[in-house]
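Okay, here's what each chain looks like letter by letter:
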Amino acid sequence: MMSEQSWNVRGYQANAGFVPALGRPVLALLAPRPGERILDLGCGDGALTREIVEAGCDAVGVDRSQAMVAAARGRGVDARAMDAAALAFEAEFDAVFSNAVLHWVADADAAIAGVARALKPGGRFVGELGGHGNMAAVVTALAAVLEKRGVDAAAVNPWFYPTPGDYRGRLEAAGFSVDSIDLIPRPTPLPTGMKGWLETFAGLFYAALPESEREAARDETLDLLRHGLRDGEGDWTADYVRLRFAARLPDRPSPR
Ligand code: BEZ
């Protein structure tokens, strides 16, 4: 069985504090209205859930990581530990929001079905995840480093970066109509460089190697990536590509 990504709240905030900040356009697409009940699917440390609360909504955040749930509660957010592919809500939300999480969920259809169950009729599902081509250089460098050492990188890669056509098909199969779905290239400066990014997000790749080989493998990844992603001043920019969508359920549930 594939092991699980582990989350360190401080490391995440230092190396990837831009994730909630750059999630604001998704929040704008959600357009939360005062009084709405909104689920933040994969709330992380609750930074954006808090903004939904401040917009006058009754927000609930769920995250698989207990450490992130504790951090979100520390911001005063109603946060609960829950797997995105096994949501335990029935027709209670006006909208489900998700930023930078769904590419970690292997069973995308189970997650989408759980969102459909959690929404009231007419409810909205607005989100953003890594889309086709996301971090292509990084994924290629990780694969090269692992495969050189005899490890099948595809077997340990935890990320799912669908095309708009793929994700639209999954949303429609779950009963959503899709208002918009777009791939958005978003080169993203990394505040602590690629080393910090790999430490926070790529642990599962290196965990597939014997401990004694991990540091050399990390250095080799950086060496490969610096040609395209590090500039003359030594600053790193990651090759993010977002898949952003807005979908809704019909006002009345369809007869079964
Ligand atoms: C992303 O937001 O695209 C992402 C974040 C961490 C790991 C992989 C992808």
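From a predicted model like this one, the values you see are computed outputs, not experimental measurements.

What counts, and where the lines are drawn
Residues numbered from 1 in each chain as written. Predicted model: local features only at pLDDT ≥ 70, side-chain atom pairs only at ≥ 80, totals over all residues. Heavy atoms only, no water. Helix = DSSP H or I, 4+ residues; strand = E, 2+ residues; numbered from the N terminus. Rg over C-alpha atoms; globule rule 2.2 N^0.38 Å. Buried < 20%, exposed > 50% of the residue type's maximum accessible area, 1.4 Å probe, protein only. Contact = heavy atoms within 4.5 Å. Areas by Shrake-Rupley, 256 points an atom, 1.4 Å probe, with all protein chains shown as cover. Salt bridge = Lys/Arg side-chain N within 4 Å of Asp/Glu carboxyl O. Pairing = 2+ DSSP bridges. Right-handed = clockwise from strand over helix to strand, strands pointing away. Arc of directions from axis to C-beta. Polar contact = N/O pair within 3.5 Å; in protein donor to acceptor, adjacent residues only side chain to side chain. Core = buried A, V, L, I, M, F, W, Y, C linked by side-chain atoms within 4.5 Å. Phe/Tyr/Trp six-rings, centres within 6.5 Å; stacked < 30°, edge-to-face > 60°. Lys NZ or Arg CZ within 6 Å of the ring centre and 35° of its normal.

A. Looking closely at the overall build of the protein chain. In terms of regular secondary structure, the protein chain is built from 12 helices and seven strands. Relative to the 2.2 N^0.38 estimate, which gives 18 Å for 256 residues, the radius of gyration of the protein chain is 19 Å and therefore close to what a compact globule would have. Viewed in the frame of its principal axes, the protein chain has a C-alpha envelope of about 55 × 35 × 35 Å. Here the protein chain holds 256 residues, and 49% of them are scored as buried. Looking at the protein chain alone, contacts between residues at least 24 apart form 76% of all its contacts between residues at least 6 apart. Summing over all exposed atoms, the protein chain offers an accessible surface of approximately 11,700 Å²; the carbon and sulfur share of this is 51%.

B. Representation of the pattern of salt bridges in the model. By the definition in use, this model includes 23 salt bridges. Across the pair Glu 213 and Arg 149 runs a salt bridge whose closest N-O atoms are separated by 3.6 Å. Of the two residues, Glu 213 is situated in helix 12 (residues 211–229) and Arg 149 in the loop between helix 7 (136–148) and helix 8 (153–156); the sequence distance between them amounts to 64 residues. The class of Glu 213 is partly exposed, set by a relative accessible area of 30%. Judged by its relative accessible area of 25%, Arg 149 is partly exposed. The network of salt bridges with common partners includes Glu 128, Arg 186, Arg 242 and Arg 244.

C. Main features of the pairing of strand 2 (residues 58–63). Of all six residues in strand 2, five are buried, a share of seventy percent or more. As paired strands, strand 1 (residues 37–41) and strand 2 are joined by five bridges and run parallel to one another. From the neighbouring strand, Leu 39 faces strand 2, where its bridge partner is Val 60. Alignment of strand 2 against strand 3 (residues 78–81), held across four bridges, turns out to be parallel. Residue Val 60 lies in a different strand from strand 3, and its bridge partner there is Asp 78. Between the parallel pair strand 2 and strand 3, the chain is carried across by helix 5 (residues 66–74), and the sense of this crossover is right-handed.

D. Layout of helix 5. Residues of helix 5 that are buried: Met 68, Val 69 and Ala 72. Down the axis of helix 5, the sector holding all buried residues measures 100°, keeping them to one side. More than 90 degrees from the buried face of helix 5, the exposed residues found are Gln 66 and Gly 74. Buried residues belonging to helix 5 abut helix 1 (9–16), strand 2 and strand 3. Looking at where helix 5 begins, the residue whose side-chain oxygen comes 3.3 Å from the main-chain nitrogen of Ala 67 is Ser 65. Of the residues one or two after helix 5, Gly 76 is the one with positive phi, at around 85°.

E. Examining the nonpolar core more closely. Counting 35 residues, the largest nonpolar core has Val 138, Met 194, Trp 197 and Leu 198 as the members making the most contacts within it. Breaking this core down by element, the ones donating at least two residues are helix 1, helix 2 (18–21), helix 7, helix 8, helix 10 (193–201), helix 11 (203–207), helix 12 and strand 7 (237–248). Val 138 has contacts with Met 194, Trp 197, Leu 198, Leu 225, Leu 229 and Asp 239, leaving out every residue within four places of it along the chain. Of all hydrophobic cores here, the second largest spans 31 residues; its members include Val 60, Phe 125, Leu 171 and Phe 176.

F. Region of the structure containing the environment of Ala 217. With respect to the helices and strands, Ala 217 occurs in helix 12. We classify Ala 217 as buried; its relative accessible area is 0%. Along the backbone, Ala 217 and Leu 198 are 19 residues apart, and their C-alpha atoms lie at a distance of 11 Å. Setting aside residues up to four positions removed in sequence, Ala 217 forms contacts with Val 145, Arg 149, Tyr 206 and Leu 209.

G. Region of the structure containing the packing of aromatic side chains. Scanning the model with the defined rule gives 15 aromatic pairs in all. Ring geometry for Trp 159 and Phe 205: centres 5.2 Å apart, planes at 50°, overall tilted. Of the two residues, Trp 159 sits in the loop between helix 8 and helix 9 (164–173) while Phe 205 sits in helix 11, which places them 46 residues apart along the sequence. With respect to burial, Trp 159 and Phe 205 carry one shared label: buried. Geometrically, the ring pair formed by Tyr 167 and Phe 245 is tilted, given 5.4 Å between the ring centres and 45° between the ring planes. Pair noted here: Tyr 167 is in helix 9 and Phe 245 is in strand 7, with a separation of 78 residues, a long-range link. When the ring centre of Tyr 240 is taken as reference, the NZ or CZ atom of Arg 186 above it lies at 4.8 Å. Its guanidinium or amino end placed over the ring of Tyr 206, Arg 218 lies 4.7 Å from that ring's centre, counting from NZ or CZ.

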